Amino acid sequence: MSKEMLEAFATLEETKGIKQEVIVEAIEAALVAAYKKNYNQATNVVVKFDERKGDFRLMTEKVVVEEVHDDRLEISLKDALAINRAYELGDTIRFEVAPKNFGRIAAQTAKQVIMQHLREAERNQIISEYSKYEDELITGTVERRDNRFVYVKIGNVEAVMPRNDQMPNEIYNPQDQIRVLVTHVGSDSKGAQITVSRTAPDMVKRLFEQEVPEIFDGTVEIISIAREAGDRTKIAVKSNDPNIDPVGTCVGQRGTRVQNVVNELDGENIDIVNYEQDPSDFIANALNPAEVIAVQFGDEADEKSALVIVPDYQLSLAIGKKGQNVRLAARLTGYKIDIRPESEVEFVDEANDNTEESTDSVSNEKQSGTDNEDQLIDIQETKQNLEINEHIDNE
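Below, the structure is looked at part by part. (Residues numbered from 1 in each chain as written. Predicted model: local features only at pLDDT ≥ 70, side-chain atom pairs only at ≥ 80, totals over all residues. Heavy atoms only, no water.)

**Comments concerning unusual backbone geometry**
- Of note, the bond from Asn288 into Pro289 is cis; its omega dihedral lies within 30 degrees of zero at 15°.
- You can see Pro289 is positioned in the loop between α9 (279-286) and β13 (294-297).
- The phi torsion at Gln175 lies on the positive side, around 80°, for a residue other than glycine.
- Within the element layout of this structure, Gln175 appears in the loop between β7 (157-162) and β8 (177-188).
- On the basis of relative accessibility, which here comes to 61%, the residue Gln175 falls in the exposed class. (Helix = DSSP H or I, 4+ residues; strand = E, 2+ residues; numbered from the N terminus. Buried < 20%, exposed > 50% of the residue type's maximum accessible area, 1.4 Å probe, protein only.)

Pasting the structure below:
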């Protein structure tokens, strides 16, 4: 039994990553629990493991007393002296109990406790090992799938990828090698659970960190990401070095860097735009590839809204297919964006211009009328003066 026990320990440590000390501790606890269930007490039980032989010894401790009141905990001095004449009152004597005598119930209890400890140890070991990979990219192998999850083998454990973390344009077949983002490492009633994703925005960020050294070392910084997985992603970047163009750096020579990311995401379109401190400039960049004429912001009560004016022929491009371009731009900037064509804005301006022209016309007419009245008064006064002078000359 000892040889098989040691071999089993070695196998568990190799396949499950559980240390022998943890397994031994689980078995010791199981034997104590089994003894307690069989004998209804375990306050005086001690378990010893012989690492050289691979044997467990279960022993009970009894105190040497003058008069025995509980033979499970005490032994008389007379009986102790029969064992060894060196014993005295108050000494503790250990007696070995053979596990095979526990019976079927004791063995079943031991098995249950061992399995429970092994599951807990395995869960803790998995959480400890894979928690450092949380929010990081890792390569796994597709094992199987059902209606809820795709099961991905990473290392010695099986991770799950829920439906909303699966790319809508991808099919996952057994033995496929895929790169996933570890989004959660935790546990539930069934043990350790690792959740991975192909749709999380941070997956795009991690891919660019691997493709663009300037992002990895912090020279170029990704400020925000808006993604509709499998279709399109917008990324806002800025450079911490004035001599480096952040967009060009991410695109790479002949587009090689961004193309590698696109290929990994199975053809997902990626727009890379400059981040600007000025919200109007940032919003204009976010609506790329559409041209923006002007950006106007709402009142203070609704400061996170913006009215964007674009040329008429750019309206559909600015909105995008099913509103995707403006929707992603809104997520990227954090502003609620309303797009209006230039013609509607011009119509309002023309109305104002017409009003101003009408006002000017009325003013001119009033001024003209005033001038005419002044001229008429001057003529009348001149005529009166001539009549007065003529009358004086006749006299």
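**Notes on the nonpolar core**
- Core analysis: the biggest nonpolar cluster contains 41 residues, and Ile194, Phe208 and Ile270 have the highest contact counts within it.
- Tallying contributions element by element places β8 first for this core, with five residues. (Core = buried A, V, L, I, M, F, W, Y, C linked by side-chain atoms within 4.5 Å.)

**A look at the pairing of strand β15 (residues 336-341)**
- Alternating residues of β15 divide into Ile337, Ile339 and Pro341, all buried, and Lys336, Asp338 and Arg340, none buried.
- Here six bridges tie strand β14 (residues 305-310) to β15, and the two strands are oriented parallel to one another. Counterpart to Ala306 in the pairing with β15 is Ile337. (Pairing = 2+ DSSP bridges.)

**A look at the sheet that holds β13**
- With mixed pairing, the three strands of this open sheet are ordered in space as β13-β14-β15. What marks the edges here is a single partner per strand, and that holds for β13 and β15. Adjacent strand axes in the sheet meet at a mean angle of 25°, parallel and antiparallel pairs treated alike.
- Contacts from α9 reach β13, β14 and β15 within the one sheet, and its direction differs from that of β13 by about 125°. (Axes fitted to C-alpha atoms, helices over the stretch in contact; angles between N-to-C directions. Contact = heavy atoms within 4.5 Å.)

**Points about the pairing of strand β6 (residues 149-154)**
- Here β6 lies mainly inside the structure; five of its six residues are buried.
- Pairing between strand β5 (residues 137-145) and β6: four bridges, direction antiparallel. The partner of Thr141 across the bridge, within β6, is Lys153.
- Where β5 folds back on β6, the antiparallel hairpin that results is connected by three residues.
- Here β6 runs beside β7; their pairing, made up of six bridges, is antiparallel. Bridged to Ile154 within β7 is Val157.
- Here β6 folds back onto β7, and the loop between the two strands holds two residues, one of which, Gly155, carries a positive phi near 65°.

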